[in-house]
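# What the coordinates show
Listed below are the residues making up each chain.
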Amino acid sequence: MLRGLVRIPISQRNLFTTPLLRNIMPLLDINNLPPLENPLEEAKRVAAYRAVDENLDCQKHRVIGVGSGTTVVYVAERLAQYNRDPVFAQKVQFVCIPTGFQSQQLIVGNRLSLGSIDQYPNVDIAFDGADEVDANLQLIKGGGACLFQEKLVSTSTDKFIIVADSRKKSPQYLGTSWKKGVPIEVVPSSYVRVLKDLREKLGSRKAEVRQGGSAKAGPVVTDNSNFIIDADFGEIQDPKKLHQDIKMLVGVVETGLFIDNACKAYFGNADGTVEVME
């Protein structure tokens, strides 16, 4: 019998990237990155890279939530750089949990190890974007129609980090910068009832089912086969109560109000600086 070999259970094989199979490359210095042509994209990249650098614990974080949106593209990019760096290659072994189809593609496209929330219900850290962040770190999310799965992942960790450009920071209240309304995921057969209740019971200024636009005839359909309603409440001074009130409506699956969820937010500015809120 051969000695010194460790038998790995089938259920645990291929969950983590094997260092020997990685395309080894030194981690890029955040201060010496080649500039991007678009200042807004530069701001997003700087915020995402700093968020990963300052919060990823390579010794402890084995399950990482990866959200969706244009800023999270750079989060996945930075995670992949850690995965290929020779200094970290022997100790960085993590699996990434997507919040939807786009983030799944980001994970696979960056050659990161892909898992699912039902395999790993306890997430060590998660990174995601936001449509708006208020002065108390309350969020509006769901502009990309992934709000349920985003919340499922973000509430499965105690360390939820937001990355965004400075346009997403509200001076005080939610609904100030984001004018498209609170995204609400609903069961398709209930949308008429929910629209009526949003207007008549909760006083929504405007509520409508989100349409697919030129890319699709009819409503947007989520990854969970539901509809999205966008409901405008103006400036939201008490997002926690509004979230609770909406959740009480029959037919509502989840709201895009993320309450007491994020622990830190990184906002990239066009001049290359990053503002951190916590």
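Residues numbered from 1 in each chain as written. Predicted model: local features only at pLDDT ≥ 70, side-chain atom pairs only at ≥ 80, totals over all residues. Heavy atoms only, no water.

## Remarks on the pairing of strand β9 (residues 206-209)
- Burial along β9 is one-sided: the face carrying Ala207 and Val209 is buried and the face carrying Lys206 and Glu208 is not.
- Judged from the four bridges that link them, β9 and strand β10 (residues 227-232) form a sheet pairing that is antiparallel. Its bridge partner lying in β10, Lys206 is registered against Asp232. (Buried < 20%, exposed > 50% of the residue type's maximum accessible area, 1.4 Å probe, protein only. Helix = DSSP H or I, 4+ residues; strand = E, 2+ residues; numbered from the N terminus. Pairing = 2+ DSSP bridges.)

## Considerations on the side chain of Thr71
- Tracing the backbone through its elements, the reader meets Thr71 in the loop between β1 (63-66) and α2 (72-84).
- With near-sequence residues (within four places) excluded, Thr71 lies in contact with Lys44, Ala48, Val163, Ala164 and Asp165. (Contact = heavy atoms within 4.5 Å.)

## Here's the deal with the environment of Leu28
- Take Leu28: it is sitting in the segment before α1 (39-55).
- Leu28 sits 53 residues away from Gln81 along the chain, and the two C-alpha atoms are 7.4 Å apart.
- Contacts of Leu28, omitting those with residues within four sequence positions, involve Leu33, Arg78 and Gln81.

## Points about the nonpolar core
- Core analysis: the biggest nonpolar cluster contains 29 residues, and Ile64, Val75, Leu79 and Phe127 have the highest contact counts within it.
- Looking at this core, the elements that each hand over two or more residues are α1, β1, α2, β4 (125-128) and β7 (160-165).
- If we skip the residues at most four places from it in the chain, Ile64 touches Leu56, Leu79, Phe94, Val95, Cys96, Ile97, Val123, Ile125 and Phe127.
- Within the second largest apolar cluster, 22 residues are counted, among which are Ile184, Phe227, Val252 and Leu257. (Core = buried A, V, L, I, M, F, W, Y, C linked by side-chain atoms within 4.5 Å.)

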